[in-house]
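# Secondary and tertiary structure notes
Letter by letter, the chains look like this.
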Amino acid sequence: MARLLLASLTLSNAFIVPHRGLARLPRSALLRPAAAADDAAAPASEPIAPAPVEKLGLRARLKKATSFKKADLAALGVSAFFAYGFVSNVNSVLLMSFTWATYRRANPLLSPLADAAVLANPLTWFPLKKQFLIYYAGYYATIGSVLRPFRFAVAVGLAPYFERTYKNVAERTGLPRPVSIFLVTMVANVAFSVALLVGAVSGFCAALRVAPVPL
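Residues numbered from 1 in each chain as written. Predicted model: local features only at pLDDT ≥ 70, side-chain atom pairs only at ≥ 80, totals over all residues. Heavy atoms only, no water.

### A closer look at the environment of Ala80
Checked against the element boundaries, Ala80 lands in helix α5 (residues 78–106). Residues Ala80 and Pro160 lie 80 residues apart in sequence; the distance between their C-alpha atoms is 7.9 Å. (Helix = DSSP H or I, 4+ residues; strand = E, 2+ residues; numbered from the N terminus.)

### Focus on a nonpolar patch on the surface
A surface patch of nonpolar side chains, about 730 Å² in accessible area, is lined by Leu123, Leu175, Val179, Phe182, Leu183, Met186, Val190, Val194 and Val198. You can see Leu175 is positioned in the loop between α6 (130–173) and α7 (177–208). For Leu175, a relative accessible area of 32% gives the class partly exposed. (Patch = residues over 30% accessible without salt bridge, like charges linked within 9 Å, V, L, I, M, F, W, Y side chains within 5 Å. Areas by Shrake-Rupley, 256 points an atom, 1.4 Å probe, with all protein chains shown as cover. Salt bridge = Lys/Arg side-chain N within 4 Å of Asp/Glu carboxyl O. Buried < 20%, exposed > 50% of the residue type's maximum accessible area, 1.4 Å probe, protein only.)

### Topic: unusual backbone geometry
Positive phi values are uncommon outside glycine, yet Arg209 reaches one of about 60°. Inspection of the secondary structure assignment puts Arg209 in the segment after α7. Given a relative accessible area of 79%, Arg209 falls into the exposed group.

### Some words on the environment of Glu163
Take Glu163: it is sitting in helix α6. Each C-alpha atom of the pair Glu163 and Ala80 lies 8.5 Å from the other, and the pair is 83 residues apart in sequence. Once you skip the residues sitting within four places of it in the chain, Glu163 turns out to touch Ser79 and Arg177. (Contact = heavy atoms within 4.5 Å.)

### Topic: the packing of α5 against α7
One way to put it is that α5 packs onto α7 with a least axis distance of 8 Å and a crossing angle of 20°. One element, α5, and the other, α7, form an angle in the roughly parallel class. You can see that α5 and α7 cross each other, and the crossing is right-handed. For the contact of α5 with α7, the class distribution of residues is 20 nonpolar, eight polar and two charged. (Axes fitted to C-alpha atoms, helices over the stretch in contact; angles between N-to-C directions. Parallel < 35°, antiparallel > 145°, perpendicular 65-115°, else oblique. Left-handed = near helix turned anticlockwise from the far one by under 90°. Nonpolar A, V, L, I, M, F, W, Y, C, P; charged D, E, K, R; others polar.)

### Observations regarding the packing of α5 against α6
Where α5 contacts α6, the two axes come as close as 5 Å, and the packing angle between them is 150°. Between α5 and α6, the interaxial angle falls into the category roughly antiparallel. Of the two possible hands of crossing, α5 and α6 adopt the one that is right-handed.

### So, the packing of aromatic side chains
Per the stated rule, a full pass over the model turns up ten aromatic pairs. Seen in terms of ring centroids, Phe86 and Phe162 are 5.7 Å apart; in terms of plane orientation they differ by 55°. Their pairing is tilted. With Phe86 in helix α5 and Phe162 in helix α6, the pair connects residues that are 76 residues apart, well separated along the chain. Per residue, the accessibility class of Phe86 equals that of Phe162, and both read buried. For the pair Phe98 and Tyr139, a centre-to-centre distance of 5.4 Å together with 70° between the ring planes defines the contact as edge-to-face. Taken together, the residues Phe98 in helix α5 and Tyr139 in helix α6 connect sequence positions 41 residues apart. Relative accessible area serves as the criterion here: at 29%, Phe98 is assigned to the partly exposed category. (Phe/Tyr/Trp six-rings, centres within 6.5 Å; stacked < 30°, edge-to-face > 60°.)

Structure below.
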């Protein structure tokens, strides 16, 4: 009898213990399989469409292309900064020479020069006549603005040559780098610009078949 009672108690404990162990499990463990099933059944999220690219008009593109500043050139180095000054001088001289020829063709009896100017001495040409300067301002505001990105690109391309010239002048003369930069700038931006102005005025006037000044 005692053996039968002991066997029945052992069997009951064998069924009760797993039940108690299951009851002690955390609720999250009991719900985890259902949550995983829900995640598997959920549809995949749709890919995010890229933001539409804003289309710029011609005027906006030109404004963006010409929006750089001289500080941007300074960040590229001293050579690029002074190269841009040289390119700007050449651009101004050529534009002034072209304006000179068109002004003379439109006004055969008027001269762009000051009254006391001597044609053979460019240093006496200034101040130029106000009417001529109005012509020049109109050309500069239109053609000059369009050419500004090209001036920037040419200046960046010329920067290594300016740097090489600074080094050569400093090595051959023994002068400090700032002095060599000053000398190259004076030759390139002053002497060359004056010589180019005389030659360009003569060339544009010859192309339009007008004299540089009234005869």
